Amino acid sequence: CHAKPLCRDFLIFWRASGDIWRGDLAAVFDPLKLSAAMDAILGGPPGFTSFPYPPLGTWFIAPLAALPYAVAWPAWLIVTFAAFAVSLRRFFTSTGAGLLLLATAPASLVNIAAGQNGFLSAALLGGGLLALERRPILAGLLIGLLSFKPQLGLLLPFVLLAGGYGRVFAVAAATCVTLFAGSVAFLGWTPWSLYFEAGLPLQRLLLETGLGPFMAMMPSFIMSARILDLPLWIGYALQAAVAIGVLVACCWAIRQKAPLEQRIAVVMAGAVVAPPYCFNYDLTILVAAQILAWPGCRSLETTELTVFALAWLLPALMVEAGIAGIPVAPVILLAQFLVLIKRLAAPAGTGVSADARSAVA
């Protein structure tokens, strides 16, 4: 099973969990040693291999070592999908139809095929933002836990403060500090040292010079610029300009008087547009954003409906398009973000109230 492509990404998590309990931290956070270990397991060059997460992310994978691989992989997907589904459960009138919709979304299928953490990211971000007003402590806790993928939370400190959610911000910050302190207490400083000295530089190297199909898996402007053979500075300039614009728009959105789900749909869409480092399986976050926004989008124009459809299908389309030299992913993501902004800015009465939500499925 280990040699099958479907198992490859999760195999990194499972292998790392065992190394953590064995105390072989260098085998997790040193990309060269991890690559050599994967080579030995797969019986051939594994390609790009790393554990590109800060050491506080080990809290999520450590339990996997207690399970054999054949059990750990489906268990990981079932548990994280359940968290994803629970975060959105009240937006479905039919549980069965809702679960089917979530499970068959292209982003979900990509995540399942890779054994990745897209369900977990979407559950933490969506669940945290949905709890902003009624359960601020829970909101802060979930948002703080998202620090295992810090690039997805780039906008959140600014958005929380702009929206007046200071208590949520404080709990989220405390959660991050606790995770960090706990990782140092149990693992020592070595993992963090390796992360800063080897992990982060490798991610930058991957972003700026890496080659191969993975380039088409990253829906960022900087990677699209690279696919088009544009100078690297143009890619960075585009990414920075878009990120700043998205940040300003999200801070505006969270302050509006519209229902909470419409406002945070904008923030969630922005979370996958702004960062330079993002993958197709992270677009489960956009699936959640589209579901949250849909009740307020009953009078979409044909062009807007087309954008919704393309954004939904994007994880199934972007790799082939990117390999063909047509990196449409960031354009579609930005278009979806702008549609959500437009609907949020529509005159009062064109959307729906929180108590009159229409079912998605």
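For clarity, every value in this text was computed on a predicted model and none was experimentally measured. (Residues numbered from 1 in each chain as written. Predicted model: local features only at pLDDT ≥ 70, side-chain atom pairs only at ≥ 80, totals over all residues. Heavy atoms only, no water.)

Asker: Give me the pattern of salt bridges: which residues, what numbers.
Answerer: Scanning the model with the defined rule gives eight salt bridges in all. Its salt-bridge partner being E133, residue R263 comes within 2.8 Å of it at the nearest N-O pair. With a gap of 130 residues between them, R263 in helix 15 (residues 260-273) and E133 in the loop between helix 8 (118-130) and helix 9 (136-145) connect regions that are remote in the sequence. For R263, a relative accessible area of 6% puts it in the buried group. The salt bridge partner of R204 is E208, with a shortest N-O separation of 3.0 Å. A residue pair is termed a helical-turn pair when its members lie 3 or 4 positions apart in one helix, as R204 and E208 do in helix 12 (residues 190-209) at four residues. Looking at R204, the relative accessible area reads 54%, which means it is exposed. In the salt-bridge network here, residues are joined through shared partners; they are E301, E304, K342 and R343. (Salt bridge = Lys/Arg side-chain N within 4 Å of Asp/Glu carboxyl O. Helix = DSSP H or I, 4+ residues; strand = E, 2+ residues; numbered from the N terminus. Buried < 20%, exposed > 50% of the residue type's maximum accessible area, 1.4 Å probe, protein only.)

Asker: How would you explain the packing of helix 5 (residues 69-88) against helix 8 if you had to name every residue and give the values?
Answerer: Direction vectors running N to C along helix 5 and helix 8 enclose 25°, while the axes themselves pass 8 Å from each other. Relative to helix 8, helix 5 is oriented roughly parallel. The handedness of the crossing between helix 5 and helix 8 is left-handed. Along the contact surface, helix 5 presents W76, L77, T80, F81, A83, F84 and S87, while helix 8 presents F119, L120, A122, A123, G127 and L130. Among the residues making up the contact of helix 5 with helix 8, the classes are represented as 10 nonpolar, three polar and no charged. (Axes fitted to C-alpha atoms, helices over the stretch in contact; angles between N-to-C directions. Parallel < 35°, antiparallel > 145°, perpendicular 65-115°, else oblique. Left-handed = near helix turned anticlockwise from the far one by under 90°. Contact = heavy atoms within 4.5 Å. Nonpolar A, V, L, I, M, F, W, Y, C, P; charged D, E, K, R; others polar.)

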